[in-house]
Amino acid sequence: DWSSDVCSSDLLIAGSHDYTQTLNDRQLAMHKSGYDIDIQEGVWIGSRSVILGPCTIGANAVIGAGSVVTAGHYKAGCLYAGNPARFIKQIFPDQI
């Protein structure tokens, strides 16, 4: 049961390629872990947002439309927006 809201126009990028490699070597050089994206329960992600791993978005956080979420930890119960996404305000004080 996944109870977060992600729009079809959102982009989640959890991997990375070694651009110094070519052809099949580039694909094989892709990181297998360390770029995880953890979206916790109740998160709302606005339309056309880009989520770059590694990052964690805490429970009931809201990501504004068109935001670019970069690597890091985004606290539960807060609103983030912009490029890069920045803390805007605390929505649910009891969740911090």
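Now for a quick tour of the structure.

### Here we look at the sheet that holds strand E3 (residues 37-39)
Step number 1: Taken in spatial order, the three strands of this open sheet run E3-E6-E9, and their pairing is parallel. With partners counted over all chains shown, the strands left at the sheet margins are E3 and strand E9 (72-74), one partner each. Between one strand and the next, the sheet's axes are offset by a mean angle of 5°, whatever the strand orientation.
Step number 2: Relative to E9, strand E6 (residues 55-57) runs parallel, the two sharing three bridges. Considered in E9, the bridge of Ile57 is made with Tyr74.

### A word on the side chain of Ser67
Step number 1: Following the sequence through the fold, Ser67 ends up in the loop between strand E7 (62-63) and strand E8 (68-69).
Step number 2: For Ser67, a relative accessible area of 1% corresponds to the buried category.
Step number 3: Among the polar contacts made by the side chain of Ser67, one reaches the main-chain amide nitrogen of Gly82 at a distance of 3.1 Å.
Step number 4: Look past the residues within four positions of Ser67 in its chain and what remains in contact with it is Arg48, Ser49, Val50, Tyr80, Ala81, Gly82 and Ala85.

The rules behind the values
Residues numbered from 1 in each chain as written. Predicted model: local features only at pLDDT ≥ 70, side-chain atom pairs only at ≥ 80, totals over all residues. Heavy atoms only, no water. Pairing = 2+ DSSP bridges. Helix = DSSP H or I, 4+ residues; strand = E, 2+ residues; numbered from the N terminus. Axes fitted to C-alpha atoms, helices over the stretch in contact; angles between N-to-C directions. Buried < 20%, exposed > 50% of the residue type's maximum accessible area, 1.4 Å probe, protein only. Polar contact = N/O pair within 3.5 Å; in protein donor to acceptor, adjacent residues only side chain to side chain. Contact = heavy atoms within 4.5 Å.

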